[in-house]
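Commentary on secondary and tertiary structure
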Amino acid sequence: MNSHDVDYRILGHDIQVLEIELDPGESVIAEAGTMVYMEEAIAWDTRMGDGSEPDQGFFGKLMQAGTRLITGESLFMTHFSHAGSYGKAHVGFSAPYPGTIMPLDLRTLPQGVIVQKDGFLAAARGTKLSIHFNQRIGSGFFGGEGFILQKLTGDGKAFIHAGGTVIEKRLNNEVLRVDTGCVVAFEPGIDFSIARAGNLKSMIFGGEGLMLATLRGTGRVWLQSMPVKKLIQALMPNGANAQKESGTVLGGLGRIFDE
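Figured I'd write up the structure that's included with this text. Since the model is a prediction, treat every value here as computed from it, not as a measurement. Within each chain, residues carry numbers counting from 1 in the order of the written sequence. Residues qualify for local features only when their pLDDT is at least 70, as the model is predicted, and side-chain atom pairs are given and counted only at 80 or more; totals for whole chains, interfaces and linings, by contrast, use all residues. Hydrogens are left out, water is left out, and the side-chain values use all remaining heavy atoms of the structure.

Glycine aside, a negative phi is what most residues show, and trans is what most peptide bonds show. For Asn173, which is not a glycine, the phi torsion comes out positive at approximately 55°. For Asn173, the position within the fold is in strand β14 (residues 166-179). Categorising residues by exposure relies on relative accessible area from a 1.4 Å probe, with only protein chains included: less than 20% of the type maximum marks a residue as buried, more than 50% marks it as exposed, and the intermediate range marks it as partly exposed. Residue classification places Asn173 among the exposed positions, given a relative accessible area of 66%. Each helix is a run of H or I in the DSSP string that is no shorter than four residues. Each strand is a run of E no shorter than two, and both are numbered from the N terminus.

Before going further, it helps to examine the environment of His132. Its place among the elements puts His132 in strand β11 (residues 128-133). The exposure class of His132 is partly exposed, given its relative accessible area of 24%. As for His132 and Leu149, which are separated by 17 residues in sequence, their C-alpha atoms are 4.9 Å apart.

Quick look at the pattern of salt bridges now. Put simply, a salt bridge is a Lys or Arg side-chain nitrogen that is within 4 Å of an Asp or Glu carboxyl oxygen. Taken as a whole and judged by the stated rule, the model has eight salt bridges. The salt bridge partner of Lys88 is Glu21, with a shortest N-O separation of 3.8 Å. Residue Lys88 is found in the loop between β6 (76-82) and β7 (89-94), and its partner Glu21 is found in strand β2 (residues 17-22); the two are separated by 67 residues along the sequence. Judged by its relative accessible area of 45%, Lys88 is partly exposed. The closest approach of N and O atoms between Arg47 and Asp45, which form a salt bridge, is 3.1 Å. Assessed through its relative accessible area of 30%, Arg47 is described here as partly exposed.

What follows is the structure in structure tokens.
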């Protein structure tokens, strides 16, 4: 199924809103609970599956929806359509925490794009969402991120959400090491794995965590400056801002070496 050709604009800076403009008959799919507003001509329906395979039977839709539960997402997706016969209609979406909404033109990504499990926000109907397992099982055991991911494929526009600022990197048979929670998305040509963060001293007292993500290969990588886990930690009492060493294994005990 070809994706619907939707227009859009992104409003705001820190807590952004994605506004999709639909012509009669056009539809967009979104995560449940992300809608902010919709105009009168917009009709919405909650369904199993992404609608990319309209002839798919009930069992196929159930299997597809079931894979979303593995990624921690809702069993259902919401479909918004322009139900009128003329003019344009708009529907707005917002992510659940501050950050940046990033548009992707899947026509420029013929092999699709792999996205962190909670990164998908919305897409033109016809976009296929599938589960992607990282072949390196250590990524799931040690990284806390990156073992179960989502893959987006299609020929239309998709929108993902990142915490803080988005940084795009282009690797040409290169290696990039990143905090495990800062990886938002990457092209399938990139190998994602988890490696130990330096020597034992660095791991204990460095404040960067025990493991780092290693991205290797050729393709684009998108990073986020403020993953939601870091945001929560920073806002908690006695969090990262109140006690700098809280990110280390020994916590505040690291300060004894300053005396």
